[in-house]
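# Fold and geometry: a report
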Amino acid sequence: MNQAVLITKHGKAKCIANALAPLGFDVVESNAFDTDSLGTFAGDIERTLSPKEAALKKAKMACELLGAEFGLGSEGSFGNGPYPGIVNWNDEILCFYDRATDQAIYASASGPFAISSIQVNSETCRDTLLKKLNHFQGQRWLLKFDEQILKGLSSETLIETLADKQLTEALIEPDLRAMHCPLRQKMISKAADDLANRLRAICPKCNAKNFVVKEAVAGLPCEQCGLATQQIKQHKYHCECCDHTELKNTEQTAADPYYCQLCNP
Ligand SMILES: [Zn+2]
Ligand SMILES: [Zn+2]
């Protein structure tokens, strides 16, 4: 087994290990570096790097600090997505860094994130609130009040804290750190599946990894009149190490006239 080192305090290795094991990688967790210093979800430390930059930095540091051949970096972000302001969105990036070749491979997964923040006021019924929180099994919470943030609270502890401190104004947010957020763990596992596919995809010319579809080429001809449509005609496989490119036709040979500018203007 090759070791792939992941620097984390948030127990992410278990989300990634299963996908990489069949490829001969043993995902090893290390806390040699405090990844929170690159920014936190709670907002007490600001993020200055883009998610991709942060993932690469973590993966490279794993190699530097631990002398590993392969480093992994994981970075999640929330917001953005296709419906900003309407649907909360979770993006997870995984970077795999190969020290010998200096190749960095980025894998990702994203999707809607169902948990939103909850405002507590004097009207809030604690039983209803507890039910609402317990709907998200295993999820832990942040409690923000009077410029304080309590982190990693279970639903029960949070309700007790509200009572003990007799809080009538507070904001509850999901604790987004991976070990406290089962929905994120699932998304990280999906990104790990994407990474496994990229590690399996070998360039026929130089044997580098990540020979996957990098671009979809439009232009599938209309079934009725032959005009090029915006439907996908080919997939472009590209190797970032030797620049080798292959175009492969999709299974479809003609587009439904529904997509044709001439037949269905
Ligand atoms: Zn190549
Ligand atoms: Zn047509």
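Just above sits the structure.
My aim in this report is to walk through the structure given alongside it, one point at a time.

Definitions and limits used
- Residues numbered from 1 in each chain as written.
- Chains lettered and ligands numbered in written order.
- Predicted model: local features only at pLDDT ≥ 70, side-chain atom pairs only at ≥ 80, totals over all residues.
- Heavy atoms only, no water.
- Donors = N, O, S within 2.8 Å, 3.2 Å for Na, K, Ca; no water.
- Tetrahedral: all angles 85-135°; square planar, octahedral: opposite > 155°, others 65-115°.
- Buried < 20%, exposed > 50% of the residue type's maximum accessible area, 1.4 Å probe, protein only.
- Helix = DSSP H or I, 4+ residues; strand = E, 2+ residues; numbered from the N terminus.
- Core = buried A, V, L, I, M, F, W, Y, C linked by side-chain atoms within 4.5 Å.
- Contact = heavy atoms within 4.5 Å.
- 1 Å grid on protein atoms, 1.4 Å probe; cavity = no way out; pocket = protein on both sides within 12 Å on 5 of 7 lines; lining within 4 Å.
- Points joined across faces, edges and corners; volume = space filled by probe spheres on them.
- Axes fitted to C-alpha atoms, helices over the stretch in contact; angles between N-to-C directions.
- Parallel < 35°, antiparallel > 145°, perpendicular 65-115°, else oblique.
- Left-handed = near helix turned anticlockwise from the far one by under 90°.
- Nonpolar A, V, L, I, M, F, W, Y, C, P; charged D, E, K, R; others polar.
- Pairing = 2+ DSSP bridges.

## Regarding the coordination of the zinc ion (ligand 2)
- Within the first shell, the zinc ion (ligand 2) binds the protein through Cys-222 (SG), Cys-225 (SG), Cys-260 (SG) and Cys-263 (SG), at distances of 2.2 to 2.4 Å.
- With 4 donor atoms in place around the zinc ion (ligand 2) and angles of 102 to 115 degrees between them, the coordination shape is tetrahedral.
- Counting along the primary sequence, the residues that act as donors to the zinc ion (ligand 2) give the motif C-x2-C-x34-C-x2-C.
- Looking at Cys-263, the relative accessible area reads 30%, which means it is partly exposed.

## Focus: the coordination of the zinc ion (ligand 1)
- Coordination of the zinc ion (ligand 1) by the protein is provided by Cys-203 (SG), Cys-206 (SG), Cys-239 (SG) and Cys-242 (SG), with metal-donor distances spanning 2.3 to 2.4 Å.
- Considering all 4 donor atoms around the zinc ion (ligand 1), the spread of angles at the metal, 106 to 112 degrees, places the coordination shape in the tetrahedral class.
- For the zinc ion (ligand 1), the single-chain donor residues occur in sequence as C-x2-C-x32-C-x2-C. You can see Cys-206 sitting in the loop between helix 5 (182-200) and strand 10 (212-218) and its partner Cys-242 sitting in the loop between strand 11 (232-238) and strand 12 (245-249), a full 36 residues away along the chain.
- For Cys-242, a relative accessible area of 28% gives the class partly exposed.

## Points about the nonpolar core
- In terms of nonpolar packing, the biggest core is built from 24 residues, with Ile-16, Leu-20, Leu-72, Phe-96 and Leu-195 touching the most fellow members.
- Setting aside residues up to four positions removed in sequence, Leu-20 forms contacts with Phe-25, Val-27, Leu-72, Ala-192, Leu-195, Ala-196 and Leu-199.
- Core analysis: the next-biggest nonpolar cluster, separate from the first, contains 18 residues, Val-120, Trp-141, Leu-162 and Leu-176 among them.

## Some details on the environment of Asp-26
- With respect to the element layout, Asp-26 can be found in strand 2 (residues 25-30).
- For the pair formed by Asp-26 and Asp-164, sequence separation is 138 residues and the distance between their alpha carbons is 45 Å.
- With near-sequence residues (within four places) excluded, Asp-26 lies in contact with Met-1, Asn-2, Gln-3 and Ala-4.

## A few points about unusual backbone geometry
- Although it is not a glycine, Asp-102 sits at a positive phi angle of roughly 65 degrees.
- With respect to the helices and strands, Asp-102 occurs in the loop between strand 4 (89-98) and strand 5 (103-112).
- If you check the backbone angles, Asp-243 has positive phi at about 75 degrees while not being a glycine.
- With relative accessibility at 56%, the residue Asp-243 sits in the exposed group.

## Notes on empty space enclosed by the protein
- Enumeration according to the criterion identifies 1 cavity of 30 Å³ or more in this entry.
- The computed volume of the largest cavity comes to approximately 250 Å³.
- Along its surface, the largest cavity is lined by 23 residues, and His-10, Asp-36, Gly-39, Phe-41 and Arg-47 are the ones closest to its centre.
- Of all elements in the fold, only strand 1 (2-7) and strand 3 (70-78) reach the threshold of two or more residues within the lining of the largest cavity.
- Top element by residues in the lining of the largest cavity is strand 3. It accounts for 3 residues.

## Focus: the environment of Val-28
- With respect to the element layout, Val-28 can be found in strand 2.
- Residue class for Val-28 comes out partly exposed when judged on its relative accessible area of 25%.

## A word on the packing of helix 1 (residues 13-20) against helix 5
- Contact geometry for helix 1 and helix 5: axes closest at 8 Å, N-to-C directions at 30 degrees. Between helix 1 and helix 5, the interaxial angle falls into the category roughly parallel. Note that helix 1 runs across helix 5; the crossing there is right-handed. Listed contacts from helix 5 to Lys-14, Cys-15, Ile-16, Ala-19 and Leu-20 of helix 1 are Gln-185, Ile-188, Ser-189, Ala-192, Asp-193, Leu-195, Ala-196 and Leu-199.
- For the contact of helix 1 with helix 5, the residue count by class is 9 nonpolar, 2 polar and 2 charged.

## With respect to the sheet that holds strand 4
- Overall, mixed pairing links the 5 strands, which are arranged 2-1-3-4-5 in an open sheet. This sheet does not close on itself; its edge strands, each paired only once, are strand 2 and strand 5. For this sheet, the mean angle separating the axes of adjacent strands, direction not counted, is 25 degrees.
- One ladder, built from 9 bridges, connects strand 3 with strand 4; its direction is antiparallel. What sits directly across from Ser-77, in strand 4, is Asp-91.
- Sitting on the sheet, helix 1 touches strand 1, strand 2, strand 3 and strand 4, and the angle it makes with strand 2 is about 165 degrees.
- Sheet contacts for helix 2 (residues 51-66): strand 1, strand 2, strand 3, strand 4 and strand 5; angle to strand 3, the most-contacted strand, approximately 150 degrees.

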